[in-house]
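# Fold and geometry: a report
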Amino acid sequence: MTPRRIAVLGAGGFIGSHLAPALAERFGCEIDAVDVTFEKLTTADARVHRHEARIEDAGVAEEVTRRASVVVSLTALCNPSLYSTKPLEVIDANFTHLLPLVRLCTERQVRLIHFSTAEVYGRRALDSAGEPTLEMNEDDSCSVLGPVHRERWTYACAKQLMERVIWAHGQHHGLDFSIVRPFNTIGPRMDYLPGIDGEGTPRVLACFINQLLRGEPLKLVAGGHQRRAFMDVADMVEAVCRILERPAACRGQILNLGNPANEVSIAELGRLLSRELTAFLPLARPPRFEDVSAADFYGEGYDDTEQRVPDITKARRLLSWEPRVGLKQMLPNILKDYVERYAGRVVGPTSPFPIAQGLVA
Ligand code: NAD
Ligand code: UGA
């Protein structure tokens, strides 16, 4: 089943920049790549057409749904430091601005593959009877968001409401959709380094790499005991390709995509990254850790998920898919990318770079 033309919204972002060229390659079709920035989308594939636009701008959703037979929607503000500092922008980006797109997909019978998030499960995994479970399941788990004054949950709430809108269009108006709930997907090109190509606080991977490259202590929010299951972006790309290949099986389905085998504490992630960095920069300093309170790090209104592990039974069954890349296996490739991109730009009295420039391939 080959799509006629695929629109990838948010193609200039981390996952989009991996996905757009892979879709062109896999399906041999034209790709409309929409974003406000394309620095990360470096492919020279002529089938990938860049359109610099905001999805909410007049006529953009109309044009996208007029041309494409499948829309993959990734646009979002999805950085936790924004959820409690720019909550209205987060709600608009993850909900309000996408409403016309969903309506147009329904009206024009365009297939929609929408990226939601594992954050819709909220603080912890509970089954439908309210009993604790280890894994989060698409069709059984509750959504346990914190109180409204905990603005952390603006993102999860906006994403969940968007899921419900899409679900209702599917149930009652014939929208052909699949919803993806990614669990902490990481890889080359994720986020930015503060003060170099972005401001504020990125997600934990870029935070830790930034601190390691500057020779600064790794900040562990609330001790770094929180646990996440990290998946390599290559496994995500393969799963999304299979969703495209299996429209009948995936129609109307919500799918967890993550790697339960890669579950670690955040402190352990920091230690692993540091160990791997030494392979590239043998003179890199040993890591130092600093405990910080969530309020000091993110501000009031932050809240957290203690443990987030996906149940991927459904994805395995519908996609004949298995995430393959182990955490230790993926880290060298990720670090190589950051070291190569930022080596000349990270400076500081304790940065490993001034003494290790020659060691970077
Ligand atoms: P990202 O921030 O790297 O990519 C999002 C892209 O969307 C950015 O390039 C941004 O410029 C673009 N964008 C935002 N608003 C836009 C608008 N109004 N118009 C046009 N472009 C706009 O994020 P990512 O990690 O690649 O995530 C992609 C999707 O997956 C998001 O929907 C996110 O919520 C979801 N997700 C990601 C993860 C993860 O671990 N990476 C986990 C859960 C959910
Ligand atoms: C993330 C983001 O919300 C989304 O990108 C995504 O939708 C979601 O994961 C998901 O996978 O569903 P989270 O895992 O909480 O949420 O965000 P990270 O920035 O990756 O932080 C992970 C943990 O590390 C959090 O407990 C955070 O408090 C902690 N952290 C973060 C630190 O201890 N130190 C840091 O420097 C940064």
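This text gives an overview of the structure that appears in the document.

Scoring rules and cut-offs
Residues numbered from 1 in each chain as written. Chains lettered and ligands numbered in written order. Predicted model: local features only at pLDDT ≥ 70, side-chain atom pairs only at ≥ 80, totals over all residues. Heavy atoms only, no water. Near = heavy atom within 4 Å. Polar contact = N/O pair within 3.5 Å; in protein donor to acceptor, adjacent residues only side chain to side chain. Areas by Shrake-Rupley, 256 points an atom, 1.4 Å probe, with all protein chains shown as cover. Nonpolar A, V, L, I, M, F, W, Y, C, P; charged D, E, K, R; others polar. 1 Å grid on protein atoms, 1.4 Å probe; cavity = no way out; pocket = protein on both sides within 12 Å on 5 of 7 lines; lining within 4 Å. Points joined across faces, edges and corners; volume = space filled by probe spheres on them. Helix = DSSP H or I, 4+ residues; strand = E, 2+ residues; numbered from the N terminus. Phe/Tyr/Trp six-rings, centres within 6.5 Å; stacked < 30°, edge-to-face > 60°. Buried < 20%, exposed > 50% of the residue type's maximum accessible area, 1.4 Å probe, protein only. Pairing = 2+ DSSP bridges. Axes fitted to C-alpha atoms, helices over the stretch in contact; angles between N-to-C directions. Contact = heavy atoms within 4.5 Å. Core = buried A, V, L, I, M, F, W, Y, C linked by side-chain atoms within 4.5 Å.

## Focus: the site of ligand 1
The immediate surroundings of ligand 1 are formed by 25 residues, with Ile15, Asp35, Glu56, Tyr155 and Thr185 found nearest. Within the backbone of Ile55, an N or O atom sits 3.0 Å from a nitrogen atom of ligand 1. Here an oxygen atom of ligand 1 sits 2.7 Å away from a polar atom, N or O, in the side chain of Tyr155. Bound to the protein, ligand 1 loses 90% of the 820 Å² it would expose on its own. Per-class residue counts for the shell around ligand 1 are 11 nonpolar, 9 polar and 5 charged.

## Observations concerning the layout of surface pockets
Considering only enclosed or pocket space, the second largest pocket measures out at about 260 Å³ in volume. As for the second largest pocket, its lining consists of 13 residues, of which Glu138, Glu163, Arg164, Arg181 and Ile254 are closest to the centre. Among the elements that line the lining of the second largest pocket, the one with the most residues is helix 6 (residues 154–173), at 4 residues. When grouped by side-chain class, the residues that make up the lining of the second largest pocket number 5 nonpolar, 3 polar and 5 charged.

## A few points about the packing of aromatic side chains
Scanning the model with the defined rule gives 6 aromatic pairs in all. Plain terms: the ring middles of Phe297 and Tyr298 are 4.8 Å apart, the flat faces sit at 85 degrees to each other, and that makes the pair edge-to-face. Per residue, the accessibility class of Phe297 equals that of Tyr298, and both read buried. An angle of 15 degrees between the planes, with centres 3.9 Å apart, marks the rings of Tyr298 and Tyr302 as stacked. Residue classification places Tyr298 among the buried residues on the basis of a relative accessible area of 15%.

## Overview of the side chain of Asn262
Examined against the element boundaries, Asn262 turns out to sit in the loop between strand 12 (253–257) and strand 13 (263–265). Residue classification places Asn262 among the buried positions, given a relative accessible area of 6%. One polar contact links the side chain of Asn262 to the main-chain carbonyl oxygen of Val325, over a distance of 2.9 Å.

## Let's talk about empty space enclosed by the protein
Per the counting criterion, the structure on display carries 1 cavity of 30 Å³ or more. What lines the largest cavity is a set of 14 residues, among which Leu212, Gly215, Arg285, Pro286 and Pro287 lie closest to the centre. For the lining of the largest cavity, the secondary structure elements donating two or more residues are helix 7 (204–214) and helix 10 (266–280). Looking at which element gives the most residues to the lining of the largest cavity, the answer is helix 10, with 3 residues. Split by residue class, the lining of the largest cavity holds 7 nonpolar, 4 polar and 3 charged.

## Describing the sheet that holds strand 5 (residues 111–115)
As summarised here, the arrangement of the 7 strands in space is 3-2-1-4-5-7-12, forming an open sheet in which the pairing is parallel. Strands with a single pairing partner mark the edges of an open sheet, and in this sheet they are strand 3 (48–52) and strand 12. Looking at each pair of strands side by side, their axes are set apart by 20 degrees on average, direction ignored. Where helix 6 meets the sheet, its contacts fall on strand 5, strand 7 (177–182) and strand 12, and the angle it forms with strand 7 comes to roughly 160 degrees.

## Digging into the nonpolar core
In terms of nonpolar packing, the biggest core is built from 70 residues, with Leu23 and Leu257 touching the most fellow members. Of all hydrophobic cores here, the second largest spans 25 residues; its members include Val60, Ala61, Val71 and Leu101.

Don't take any of this as a statement about function, it's just geometry.
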